[in-house]
Each structure stands twice: as C-alpha cells, then as structure tokens.
Amino acid sequence: MKLLLLVVLVWTASDEASAGGIMMSITFLLLLIIGTSNAQYKNVALQGRPTQSSNAGWLSTGQNAIDGNTDSLYLHGSCFSTNFELSPWWRLDLLKSYKISHILITNRGDCCETFINGAEILIGDSLANNGNNNPRCASVSSIGLGGTGTFQCNDMKGQYVNIGLPGRLGFLTFCEVQVFVSSKNIPTNNNPAQGSANANANANANANVNVNIYSRAKQQPKGQKGGSSRK
C-alpha cells in the first residue's frame, strides 16, 4: 500500500503538476483506497449457522439470509421471514468469537419495507434468552425497499449475531445478512485438524528418515566408518 502511494506521488511530481496529471492521480488514488478497503474485510456470515424464533414457510428459512444472494424478491427463495408473533428474532452462530467491524442487511424488495424498522442488532457470546440479552451494536431505523443498510459495530466481540424486534408484534423479514470482520482479526490457520494432520505427517517423515539411517548403519561392514578411508 505504501509503495503504491509513493508511485502516485512520484507520478504527480514528474508530471509538472499539470491539472490533468493531478486529476488522474487523485482518481487513481481513490480507486486504490476503495479496492484496498474492500480487500481488508471478510464476510464470515457465510460459514455460520442460523436459527430463528419461527419460520413462515419453506421459502423463508433462516439459511436464506446467509446464502450469499442479495436477491430481494421473496418468491425467488432467497429471503427470510418469521411468523407474525411477539418479539421475533433471527440468530447467527459464527462458530467462534470475532471482532465484528460492520454488518450489512438487505431488506425485502417486493413488499414489507417497514417491517425491519426498529430492529436491534446484538452481538455477544451469551445464549441467555436465545442471545437476545447480548450488547447492542445498532438499531435499524429504516432500510429502503430492496436496499442494503450498513451498521458499524466497531470491533464488538462475539460469536452470536442477533437481529430482532423486542417487545413488538409483527413479522421479522429480510433477504441477506453480511457480517464483516477485519482480515487481521482472522487466524491464518482456521483448520486445527489440518494443522494436526500436517504435524503427524512431518513426524512420520522424520521417523522414516531415522529408520533408513539405522538400516544403512546395520548393513555397513564392520570396521568401515562413514566418509573416505585413509591410506
């Protein structure tokens, strides 16, 4: 990143500070910053396990909200909805605790624009009250029809993400939830089993080397040692 910024500065200076050169440099720098910003985060929701207070039908399972598809039309089978009930909620188990940067929610695009209004986004490590007692990241005032709202959580730590309408009678419905974590907060080795398998493979390889050395030593004639013999 620093090297690329240096290239931009040198390019600008070498162009005799012409108006065209400056504008080109600014445009390039903005594109660079946007690309770098997107590359810094990973959507960990895709690997999570959702559950919900209820399910309105086979077209609206909780899994639909983390299928990677932001299609906002309910009948296309990629949205989620509870039944009409008191305090409906949806919860995502991220399988481990993360420092969460921000969350994106995509609203229904066919109808029901205001059903998400007043929803609370909670993050934490507790399953007390189905996770609905965890600290609040943000409240949803509104999201446009078929739109996507961004909610900053500022590295709140937790394994569970809840979205719910506490104390309200109604449907909870949306089409996609994306949970972004900074890449620096994601361990390099996310598969302990693979790490253990690699360690075992290395141990077996070392054992085979030792066995081969021992076998060659036993086969060597008596009185002969390794290396060149002296005359």
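Before reading on, note that the structure itself is shown above.
Cut-offs and rules
- Residues numbered from 1 in each chain as written.
- Predicted model: local features only at pLDDT ≥ 70, side-chain atom pairs only at ≥ 80, totals over all residues.
- Heavy atoms only, no water.
- Helix = DSSP H or I, 4+ residues; strand = E, 2+ residues; numbered from the N terminus.
- Buried < 20%, exposed > 50% of the residue type's maximum accessible area, 1.4 Å probe, protein only.
- Areas by Shrake-Rupley, 256 points an atom, 1.4 Å probe, with all protein chains shown as cover.
- Patch = residues over 30% accessible without salt bridge, like charges linked within 9 Å, V, L, I, M, F, W, Y side chains within 5 Å.
- Salt bridge = Lys/Arg side-chain N within 4 Å of Asp/Glu carboxyl O.
- Pairing = 2+ DSSP bridges.
- Contact = heavy atoms within 4.5 Å.
- Phe/Tyr/Trp six-rings, centres within 6.5 Å; stacked < 30°, edge-to-face > 60°.
- Core = buried A, V, L, I, M, F, W, Y, C linked by side-chain atoms within 4.5 Å.
- Disulfide = S-S within 2.5 Å.

Participant: What is the right way to read the overall build of the protein chain from this model?
Facilitator: Of regular secondary structure, the protein chain possesses 3 helices and 11 strands. Ordered by position from the N terminus, the helices and strands of the protein chain form the series α-α-β-β-β-β-β-β-β-β-β-β-β-α. Within the protein chain, the proportion of its 231 residues that are buried is 34%. Element-wise, carbon and sulfur atoms account for 56% of the exposed surface of the protein chain, whose accessible area totals about 13,700 Å².

Participant: Explain a nonpolar patch on the surface to me, please; I cannot follow it from the model alone.
Facilitator: A cluster of nonpolar residues, Phe84, Leu86, Leu169 and Phe171, forms a patch on the protein surface that exposes about 420 Å² of accessible area. Relative to the helices and strands, Phe84 is located in the loop between strand S3 (80-81) and strand S4 (85-86).

Participant: Teacher, can you tell me more about the pairing of strand S11 (residues 176-182) here?
Facilitator: Successive side chains on a regular strand alternate, one facing one side of the sheet and the next facing the other. Where burial is concerned, most of S11 is hidden: 7 out of the 7 residues are buried. The alternating pattern of S11 places Glu176, Gln178, Phe180 and Ser182 on one face and Val177, Val179 and Val181 on the opposite face, and all of these are buried. The sheet contact formed by strand S1 (residues 41-43) and S11 spans 3 bridges and is antiparallel. Note that in S11 the partner of Lys42 across the bridge is Val181. Two strands pair when backbone bridges link them, and strand S5 (residues 89-106) and S11 are joined in this way by 6 bridges, in the antiparallel orientation. Bridging across to S11, Ile103 finds its partner in Val179.

Participant: I keep staring at the side chain of Thr82 and nothing clicks. Help me out?
Facilitator: The topology assignment puts Thr82 in the loop between S3 and S4. For Thr82, a relative accessible area of 0% translates into the label buried. The contacts of Thr82, once residues within four sequence positions are left out, are Ser53, Ser54, Ala56, Pro88, Trp89, Gly170, Phe171 and Leu172.

Participant: So what exactly am I meant to see when it comes to the packing of aromatic side chains here?
Facilitator: Within a pair of aromatic rings, the relevant descriptors are the distance that separates the centres and the angle that separates the planes. As enumerated under the stated definition, the model contains 5 aromatic pairs in all. Relative to Trp90, the ring of Phe80 has its centre 6.5 Å away and its plane inclined at 50°; by these criteria the two rings are tilted. With Phe80 in strand S3 and Trp90 in strand S5, the pair connects residues that are 10 residues apart, well separated along the chain. Both residues of the pair, Phe80 and Trp90, belong to the buried class. Aromatic ring contacts, followed pair by pair, group Phe80, Trp90 and Phe174 into a single cluster.

Participant: How should the nonpolar core be read in this particular structure?
Facilitator: As a rule of thumb, soluble globular proteins bury nonpolar side chains together. Trp90, Ile100, Ile103, Phe174 and Val179 are the most contacted members of the largest nonpolar core, which totals 31 residues. Counting only elements with at least two residues in this core, the list comes to S5, strand S6 (120-124), strand S7 (136-139), strand S8 (148-164) and S11. It is S5 that contributes the most residues to this core, 7 residues altogether.

Participant: Mind showing me how you'd approach the state of the cysteines here?
Facilitator: By definition, a disulfide links two cysteine residues through a covalent bond between their sulfur atoms. Counted under the stated rule, the structure contains 3 disulfides. The disulfide partner of Cys79 is Cys175, and the gap between their sulfur atoms is 2.0 Å. Disulfide Cys79 to Cys175: torsion about the S-S bond roughly 85°, handedness right-handed. Remark: Cys175 occurs in the loop between strand S10 (173-174) and S11 and Cys79 occurs in the loop between strand S2 (49-52) and S3; sequence separation between them is 96 residues.

Remember, this is a structural readout, not a statement about activity or role.
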